[in-house]
Amino acid sequence: MRFSENWLRTLVNPPHSSDELAHALTMAGLEVESVEPVAPPFDKVVVAEVISVQKHPDADRLNVCQVDIGTADNKLIQVVCGAPNVEVGVKVPCALIGAHLPGIVIKQSKLRGVESFGMLCSAKELGLSENAEGLLLLSKDALNGMNFREFYALDDQIFTLKLTPNRADCLGILGVAQEVAAITAIDFVPPEIEPAKSEISDTVTVYIDKPEVCPLYCGRVIREVSLAVATPLWMAQRLERGGIRTINVVVDVLNYVMLETGQPMHAFDLAKIGSVQAGKLWVRYAKKDECLELLNGQKFELQPDMLVIANEDEPLALAGIMGGIQSGVQLETTDLFLESAFFSPEVISGKSFRLGFSSDSAHRFERGVNFAATRDALERATNLILSICGGKAGPITEVKNRLPSRDVVKVRLERIKRLLGIDVESGQISEIFERLRFSFFVNDDVFHVTPPPYRFDLVIEEDFIEEVARIYGYDHIPASLPRPMMSMLPESEVIDLPSTRLKHILISRDYREVINYAFVDANWELDFANNDSPVVLKNPIASQMSVMRSSLIGGLIANLQFNLNRKQTRVRIFEIGCCFMNNESNYQQTENIAGLCYGDAAPEQWGQPARNIDFFDVKMDLESLFWPEQVRFEKFIHPALHPGKSAQVYKSDKIAGWLGELHPRLQRKYDLPRSAILFELHIDSLSTRTLPKVKKLSKFPPVRRDIAIVVANHISTQMLLESINTEKAAIISEIHLFDVYSGKGMEFGKKSLAFRILLQDTEKTLVDKEIDEAISELIGILESKFNAKLRG
């Protein structure tokens, strides 16, 4: 929001300098981004009138001008000028001898032998514009000899506010003035707006298909206007300093009213709507295949969720965003239909962004405008048009439905004191609310406040407490340290925060951590997770990063390719990050840890022969992550893994993740010379730990027995170990599988399993009888449950 300080001070004029006013606004939550002078400093420049123009005797492009600078004796001065637009009767700024302009000092000089006693100036030479092709022409009512800075109101500052989206009320100078009045405790009386006199009875009938998207629509016919008149200088200056260029007098008036009140408006050429008797407008959603060329020259195919203003045949304007070029006001236009409406912010929000441009109207409507001032803005614009362009106005057409409710909010004095930490009296709160022009009453130290129609950000009690803090002044609230009541809380010993610990374990096992984007290629989701419905991004930063990952593997494979392309043939990497799943009703986020191993099992060395890393090498790394707890691995089919070299990881009968070798199909697709071993685990499965338990150590020697049994191939070794460990005798301290054989000499469909069994007692040395009974009992379990036979 840009505005002229001089314009602001015509509404409210606090005893603050420009810098002090900027600081006060910033400390009240309206950040002043910049304060810039309208023009650079210069002096001795006056309004002058060209009385005569003669060609220079020795230069084709120069003219010798006699200029009236308003001296008491009406003495003319001679100025040599080369501007193409100099002519008799024009009024222009003239820099006198001794004037200091930006980068130049004016001196008496001779140009091709002709004396020149000053310089007729362009806007560029005065620092008012970067480009100028001729003299800056002034209006005929400019007084000769008048200080040009005073005439052009150049002793002014341009304030630029960096408004937050919730302060749409300050997108008009009246809102800023009201805020300044509240901050500085200066009286502010809004300008009175007189209803325009209706001299004709012409109207346009307005129909609203969806009243909830346009609760209020006001319009008025104005006939016999003249667009040949120039926009008044004061209005053009305020528009320019507000960042809006002048177009024609009617459009300039509507833009001026928008800058003044914050209410966007639009003018239609009445002839493009229809005859007076049949003139009708509809506020409706766009229909299929409808197109509209806007005032900026762009043509769009309208979407069904876009609100338009249309006649019986076609859309004329994109409601709340921009008018159409076909129905726009042109220089030959004589009859107008003015529109001032309140559109629901929800129906305007995001539409201009989707179309690829922004407009002042959309910027205001999508934040919410003051629906209580919609009619007043129309009256204000009508009066300005009638006074500048002439014409006759008709009555206002108003279609009004249910406007946004402004519910009373209870604000407790004790709550204010507690949140702000200051001892403030009820009278002070009342004064602040009055300065903010809130409607309220007080009952038992509870303020019942009705939010004004221009403050959509005031909804709950805390919003009004923030208003108290702003106007009271953040600088006046003393800084004090909080004094909370603190106590030690019990912390569970079985809950672990694993990320740092897991990183240390893997780094100690020769892994390196990587960090990848959570945005991935949709093909990765299909290849590595068989996920055909990932979380899709509406606005991806790149086409190959269009979905959210549900697995970390895709990023690790990309890291592997990156390293292989740089001649790194041994890669061991891991990542800890979030994954995202698209459930039917909501999104689910989980944290995983994944790793990849590729190349040789150990760095190149003389101590051991080179071999490719395998499933069991990485299995050992996973077991170290869970240690001292035990996990089991069961055969598992995963879309990204080799069907015969993959397993699911279980901890306490719950799935903890998976481990396996990359599928040969994906190895070929991603051009990997050798296969990689991958794993992915849920962090939740690693977030608990088993507390250590004290166990008595035996001082007696252990006894070892080895047994070999024959069982069917389909029997899982893991299941067999779990069974005998559960039912073993108390003196058996360890059962360990050390050999598996299914080759020559073994019955078809059978395999041999050899176990090392350690027996030990904490109270005595074991005798043969106890040992034999324990081994016999163990063999009996194997025979009864698994039909096992001792191998001879």
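Residues numbered from 1 in each chain as written. Predicted model: local features only at pLDDT ≥ 70, side-chain atom pairs only at ≥ 80, totals over all residues. Heavy atoms only, no water.

*Asks:* If you had to explain the overall build of the protein to someone new, which residues and values would you point to?
*Replies:* For the protein, the count of helices and strands is 21 helices and 40 strands. Its C-alpha atoms give the protein a radius of gyration of 42 Å, clearly above 28 Å, the size a compact globule of 792 residues would have. Dimensions of the protein along its principal axes, counting C-alpha atoms only, are 140 × 80 × 60 Å. The contacts in the protein between residues at least 6 apart in sequence include a share of 69% that link residues at least 24 apart. (Helix = DSSP H or I, 4+ residues; strand = E, 2+ residues; numbered from the N terminus. Rg over C-alpha atoms; globule rule 2.2 N^0.38 Å. Contact = heavy atoms within 4.5 Å.)

*Asks:* Residues and numbers for the packing of helix 5 (residues 233–241) against helix 6 (residues 249–261), please.
*Replies:* Geometry of a packed helix pair, given as the angle between the helix axes and the separation of the axes. Closest axis-to-axis distance for the helix 5/helix 6 pair is 10 Å, and the angle between their directions is 60 degrees. As judged from the angle between their axes, helix 5 and helix 6 are oblique. For helix 5 against helix 6, the interelement crossing comes out left-handed. Taken together, the residues of helix 6 that come into contact with helix 5 (itself represented by W234, M235, R238 and L239) are D252, V253, N255, Y256 and L259. (Axes fitted to C-alpha atoms, helices over the stretch in contact; angles between N-to-C directions. Parallel < 35°, antiparallel > 145°, perpendicular 65-115°, else oblique. Left-handed = near helix turned anticlockwise from the far one by under 90°.)

*Asks:* Run through the side chain of N248, naming residues and quoting values.
*Replies:* By the secondary structure assignment, N248 is in the loop between helix 5 and helix 6. In this structure the side chain of N248 is engaged in a polar contact, spanning 3.0 Å, whose partner is the backbone nitrogen of V251. (Polar contact = N/O pair within 3.5 Å; in protein donor to acceptor, adjacent residues only side chain to side chain.)

*Asks:* Describe the sheet that holds strand 3 (residues 45–55), with residues and values.
*Replies:* Spatial ordering of the open sheet is given by 5-4-3-6-11, a layout of five strands whose pairing is antiparallel. In this open sheet, the two edge strands, each paired with only one partner strand, are strand 5 (76–81) and strand 11 (118–120). This sheet shows a mean twist of 45 degrees between the axes of neighbouring strands, independent of strand direction. Pairing of strand 4 (residues 63–68) with strand 5, which is carried by six bridges, proceeds in the antiparallel orientation. (Pairing = 2+ DSSP bridges.)

*Asks:* How would you sum up the packing of aromatic side chains? Please name residues and give values.
*Replies:* Enumeration over the complete set of coordinates arrives at 22 aromatic pairs. Ring geometry for F342 against F371: centres 5.5 Å apart, planes inclined by 70 degrees, an arrangement best described as edge-to-face. Taken together, the residues F342 in strand 22 (residues 336–342) and F371 in the loop between helix 10 (360–365) and helix 11 (374–389) connect sequence positions 29 residues apart. Like F371, F342 is buried. (Phe/Tyr/Trp six-rings, centres within 6.5 Å; stacked < 30°, edge-to-face > 60°. Buried < 20%, exposed > 50% of the residue type's maximum accessible area, 1.4 Å probe, protein only.)

*Asks:* Hey, could you go over the sheet that holds strand 24 (residues 409–412) for me, with residue numbers and the actual values?
*Replies:* Ordered in space as 24-26-25, the three strands form an open sheet in which the pairing is antiparallel. Two strands close off the open sheet at either side, each with one partner strand: strand 24 and strand 25 (439–443). Direction aside, the axes of adjacent strands within the sheet are offset by 25 degrees on average. By the bridge criterion, five bridges tie strand 25 to strand 26 (residues 446–450) in an arrangement that is antiparallel.

*Asks:* Provide a residue-level description of helix 14 (residues 461–472), including the pertinent values.
*Replies:* For helix 14, which comprises twelve residues, the first-to-last C-alpha distance of 17 Å matches the rise-based estimate of 16 Å (1.5 Å per residue) to within 8%. Here helix 14 has its buried residues at E461, D463, F464, I465, E467, V468, A469, R470 and I471. Elements that come into contact with the buried residues of helix 14 comprise helix 4 (173–184), strand 24, helix 12 (413–420), helix 13 (426–435) and strand 26. A positive backbone phi angle near 105 degrees is found at G473, which sits one or two residues after helix 14. (Expected span 1.5 Å × (residues − 1).)

*Asks:* I'd like a rundown of unusual backbone geometry, residues and numbers included.
*Replies:* Cis geometry marks the peptide bond from W627 to P628, where omega comes out at 15 degrees. Tracing the sequence through the fold places P628 in the loop between helix 18 (615–626) and strand 33 (632–635). Residues other than glycine seldom take positive phi values, yet A153 does so here, at roughly 50 degrees. Position of A153 among the secondary structure elements: in the loop between helix 3 (148–151) and strand 12 (157–162). Unlike most non-glycine residues, D671 shows phi in positive territory, near 55 degrees. Tracing the backbone through its elements, the reader meets D671 in the loop between helix 19 (664–669) and strand 36 (677–682). D671 gets classed as exposed once you look at its relative accessible area, which sits at 66%.

*Asks:* Describe helix 18, naming the residues involved and giving the relevant values.
*Replies:* For the α-helix, the turn length of 3.6 residues means that residues three or four positions removed from each other point alike. End to end, helix 18 covers 17 Å across twelve residues, agreeing with the expected 16 Å (1.5 Å per residue, within 8%). Taken as a whole, helix 18 has its buried residues at F615, D617, V618, D621, L622, S624, L625 and F626.

*Asks:* Could you give an account of the environment of F562, naming the residues involved and the relevant values?
*Replies:* Inspection of the secondary structure puts F562 in helix 17 (residues 553–564). Given a relative accessible area of 48%, F562 falls into the partly exposed group. Considered as a pair, F562 and A522 are 40 residues apart in the sequence and their alpha carbons are 19 Å apart.

*Asks:* I'd like a rundown of the pattern of salt bridges, residues and numbers included.
*Replies:* Under the counting rule described, the total for this entry stands at 43 salt bridges. Notably, a salt bridge pairs R572 with D621, separated by 3.2 Å at the nearest N-O pair. Separated by 49 residues along the polypeptide, R572 in strand 31 (residues 571–582) and D621 in helix 18 bring together distant segments of the chain. Using a relative accessible area of 3% as the deciding quantity, one classes D621 as buried. For R611, the salt bridge goes to D614, with nearest N and O atoms at 3.8 Å. Looking at R611, the relative accessible area reads 38%, which means it is partly exposed. (Salt bridge = Lys/Arg side-chain N within 4 Å of Asp/Glu carboxyl O.)

*Asks:* Give me a negative patch on the surface: which residues, what numbers.
*Replies:* On the surface, D768, D772, E773 and E777 cluster together to form a negatively charged patch. Among the secondary structure elements, E777 is positioned in helix 21 (residues 768–786). On the accessibility criterion, E777 (42% relative accessible area) is partly exposed. (Patch = residues over 30% accessible without salt bridge, like charges linked within 9 Å, V, L, I, M, F, W, Y side chains within 5 Å. Areas by Shrake-Rupley, 256 points an atom, 1.4 Å probe, with all protein chains shown as cover. Lys, Arg positive; Asp, Glu negative; His and termini not counted. Charge placed at Lys NZ, Arg CZ, Asp CG, Glu CD.)

*Asks:* For the environment of V64, give the residues involved together with the corresponding values.
*Replies:* When you line up the elements, V64 lands in strand 4. Each C-alpha atom of the pair V64 and S116 lies 8.3 Å from the other, and the pair is 52 residues apart in sequence.

By themselves, these are just geometric observations and shouldn't be taken as functional.
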